[in-house]
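Spelled out, the chains give:
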Amino acid sequence: MSEFDFSGLLEGGIIILAALVLWLVARFLISKVVARAQKGSSLLRSQRLRWAQPVMRNLDNKRRAQRADTIGALLRSSVSVAIWTVAVIMVLGAIGINIAPLIASVGIVGIALGFGAREVIRDALAGFFISIEDQYGIGDVIEVGSIAGTVQSVGIRITRLVDERGVIWYIRNGELAMIGN
């Protein structure tokens, strides 16, 4: 093994170690932010606003916690994919592999997947905005088209409803054009 190969491996190891530390720090920070969002604002617990607490209490703690979990999971997975993708590309470059054709191929595959998976992407974006905007949550009775039911779960891609007959409906979030809550 030549000195160049050893230095490339050493550089690759340092890159992996740095990516691991960055990934752990990012997950820790995201977890802290999610935990803080789950607890709610200290403004709600303030004694100065005690007169408004019955009204503010309507902001359901379970829904806030669920929304924080959903957004936290999305952030964790996005940050993980970004960090490890960059780390792998940097390690391949460090050990002497020409990454230009790889990056061009990944770009072409990404475009093809984007066209093929546009429904999945549409569902995920719609689910993200449903969670962010708190359009509805678990336990709400909503009407979607001809279906009315109680929301059992709200995911990034799918909303699950149970109607009065006990039928479980799985509705893709990208298909939800008009909802009654």
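Here we summarise the structure given alongside this text. Note that this is a predicted model, so its numbers are computed, not measured.

**A short note on empty space enclosed by the protein**
In the structure shown here, the tally under the stated rule is one cavity of 30 Å³ or more. Of the pockets and cavities examined, the largest cavity occupies roughly 70 Å³. As for the largest cavity, its lining consists of 10 residues, of which Gln66, Arg67, Ser131, Tyr136 and Val154 are closest to the centre. Counting only elements with at least two residues in the lining of the largest cavity, the list comes to helix H3 (61-94) and helix H5 (118-133). The leading source of residues in the lining of the largest cavity is H3, at four residues. Taken together, the residues that form the lining of the largest cavity break down as three nonpolar, four polar and three charged.

**Some points on the nonpolar core**
Nonpolar side chains in soluble globular proteins tend to be buried together. Ile130, Tyr136, Ile142, Val144, Ile147, Val151, Val154, Leu161, Ile171 and Leu176 together form the largest nonpolar core, which totals 10 residues. Contributions of two or more residues to this core are made by strand S1 (141-144) and strand S2 (147-154). If one sorts the elements of this core by residue count, S2 sits on top with three residues. Ignoring anything within four residues of it in the chain, the contact list for Ile147 reads Ile142, Leu161 and Trp169.

**Some thoughts on the sheet that holds strand S5 (residues 179-180)**
With antiparallel pairing, the five strands of this open sheet are ordered in space as S4-S3-S2-S1-S5. The strands lining the two open edges of the sheet, one partner per strand, are strand S4 (168-172) and S5.

**With respect to the side chain of Thr159**
Structurally, Thr159 can be placed in strand S3 (residues 158-162). You can call Thr159 buried: its relative accessible area is 1%. A polar side-chain atom of Thr159 sits 2.7 Å from a polar atom in the side chain of Tyr136.

**Observations regarding the environment of Gly180**
Tracing the chain through its elements places Gly180 in strand S5. Those residues in contact with Gly180 that sit more than four places away from it in its chain are Val141, Ile142 and Glu143.

**Brief notes about the packing of aromatic side chains**
Within the structure shown, the criterion is met by two aromatic pairs. Ring centres 5.5 Å apart and planes at 70 degrees place the aromatic pair Phe128 and Phe129 in the edge-to-face group. Looking at Phe129, the relative accessible area reads 41%, which means it is partly exposed.

The rules behind these values
Residues numbered from 1 in each chain as written. Predicted model: local features only at pLDDT ≥ 70, side-chain atom pairs only at ≥ 80, totals over all residues. Heavy atoms only, no water. 1 Å grid on protein atoms, 1.4 Å probe; cavity = no way out; pocket = protein on both sides within 12 Å on 5 of 7 lines; lining within 4 Å. Points joined across faces, edges and corners; volume = space filled by probe spheres on them. Helix = DSSP H or I, 4+ residues; strand = E, 2+ residues; numbered from the N terminus. Nonpolar A, V, L, I, M, F, W, Y, C, P; charged D, E, K, R; others polar. Core = buried A, V, L, I, M, F, W, Y, C linked by side-chain atoms within 4.5 Å. Buried < 20%, exposed > 50% of the residue type's maximum accessible area, 1.4 Å probe, protein only. Contact = heavy atoms within 4.5 Å. Pairing = 2+ DSSP bridges. Polar contact = N/O pair within 3.5 Å; in protein donor to acceptor, adjacent residues only side chain to side chain. Phe/Tyr/Trp six-rings, centres within 6.5 Å; stacked < 30°, edge-to-face > 60°.

Any link to function would need more than the numbers given here.
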